[in-house]
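As a plain string of letters, each chain reads:
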Amino acid sequence: MTVLWWVSVVALAAWVWLAACHGGFWRTDQRLPRGGAEPSRWPDVVAVVPARDEAGVLPLSLPSLLAQQYPGRARVVLVDDHSTDGTAELARDLAAASGLALEVTTPPPLPEGWTGKLWALRHGVERAGDAEWLLLTDADIAHRPGSLRELVVAGEAHGLDLVSQMARLRVASGWERLIVPAFVYFFAQLYPFRRSNRPSSRTAAAAGGCSLVRRRALERAGGAAAIRGAVIDDVSLARAVKRTGGRTWLGLADRVDSVRPYPGLAPLWRMVSRSAYAQLRYSPLLVLGTVLGLTMVYLVPPIAAVTGLLTGDRWTAGTGLAAWALMAGTFAPMLRYYGRPVIEAPLLPFTALLYLLMTVDSAVQHWRGRGASWKGRTYPNPQRIDDRTTHRA
């Protein structure tokens, strides 16, 4: 037997384990809990929207949030993070029609040790007063009718402290169709939703685009200050809430959508690479391990299959094809969720190769002192947060 055959056997064994034992990460059945009774008294809710230079997407997102029909008291606080494109003025214009009350506010200058989004979030939470629930949502997120009401019912009826939905991202352009479903698939592989939703599990994750959190749970976790330097703030928030006794839930959204376009490869590349190295705890060893792991799990199966077929090595070809087929089978549910044909599933190794290169690029940019860059800000030396809060899965 050849070395490639042995390596392909390891890859096949890895896929058998991933499919059967890794929290059902590939399943897409974690949706907003239904069937709960509506509260007898609807709690107050304030939606906090950090926004920096978002004039291009606000007309597609903010009106949907302001139009939410909620039986209790609800309002929106948009935190204009020193935008230069007229974000604040546009937000006020969009609020001229009837709907939820909108407050547009600007935070003080960004202090050292904070990321811009979390500093804006902290200011928004302060402006929210004593509301029982806070909806932390991004400026590019559109909420379909009834979304806010359903989130509150899920949180109240199921005793949750953090209810988070991963917004359905755009898949309009060719690059979006290739990369976006895999992005969510890889995220779920890192943080299996079913495992994260178990109170007894140490895994905790959330999606920053749409997270409804109880004020008292946020305060118990230390507020935004507890994660002030986190580049991946959503996962850090979920870990902080869960670590302090809160119950968290994460699932795929049916009524929450991202309207931000990614028309080419470059913006998608930046979306992934800006946080990939932070996800790996700024560790060169974890980068090396990730490269080796992605190569073994995603690249070896097609290499073995093609090489075996070309050389007539049936054992290598068979093992490689089996691993490749299992990989594609686990990816198919995510493609269906995004309305894509399952025939695209065998392309996952190519997408994984792109993610491998994005991860390496993220590390290289950090080593060059450019760090995580977003909206004109660069964080070359992000604050290291207590491992118990940000680095424990």
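Bear in mind the structure is a predicted one, so any value in this text is a computation, not a measurement.

Parameters and conventions
Residues numbered from 1 in each chain as written. Predicted model: local features only at pLDDT ≥ 70, side-chain atom pairs only at ≥ 80, totals over all residues. Heavy atoms only, no water. Pairing = 2+ DSSP bridges. Helix = DSSP H or I, 4+ residues; strand = E, 2+ residues; numbered from the N terminus. Axes fitted to C-alpha atoms, helices over the stretch in contact; angles between N-to-C directions. Contact = heavy atoms within 4.5 Å. Salt bridge = Lys/Arg side-chain N within 4 Å of Asp/Glu carboxyl O. Domains from an automatic or database assignment. Buried area = accessible area lost by both parts, 1.4 Å probe. Polar contact = N/O pair within 3.5 Å; in protein donor to acceptor, adjacent residues only side chain to side chain.

Take the sheet that holds strand β6 (residues 162-168) next. Strand order in the open sheet formed by 8 strands is β3-β2-β1-β4-β7-β6-β8-β5, and the pairing between neighbours is mixed. The sheet is open, and its two edges are formed by β3 (101-105) and β5 (141-143), each paired on a single side. The mean inter-strand angle of the sheet, taken between neighbouring strand axes irrespective of direction, is 30 degrees. Bridge count between β5 and strand β8 (residues 248-258): 3 bridges; the pairing is antiparallel. Within β8, the position partnered with histidine 143 by the bridge is valine 256. Taken strand by strand, helix α3 (residues 87-94) contacts β1 (45-51), β2 (74-80) and β3, and its axis lies near 170 degrees from that of β3.

Right, let's talk about the pattern of salt bridges for a bit. In a structure, side chains of opposite charge can pair up when their charged atoms sit close to one another. One pass over the full model with this rule turns up 22 salt bridges. Among the charged side chains, a salt-bridge network with shared partners connects Arg27, Asp29 and Arg194.

Below, the discussion takes up the domain arrangement of the protein chain. As far as domains go, the protein chain holds domain 1 (3-24 + 267-368) and domain 2 (45-262). Once you take the C-alpha centre of each, domain 1 and domain 2 turn out to be 30 Å apart. Counting residues at the interface gives 33 residues for domain 1, matched by 29 residues for domain 2. For the pair domain 1 and domain 2, the two sides together bury roughly 2,800 Å², of which 70% comes from carbon and sulfur. For the domain 1 face of the interface with domain 2, the top three residues by lost area are Leu268, Tyr337 and Tyr338, together amounting to 27%. One can count 11 residue pairs in polar contact (both at pLDDT 80 or more) joining domain 1 with domain 2. Within the residue set of the side of domain 1 that touches domain 2, elements represented by two or more residues are α1 (3-21), α10 (265-279), α12 (314-337) and α13 (348-367). Per-element accounting of the side of domain 1 that touches domain 2 gives the leading share, 8 residues, to α10.

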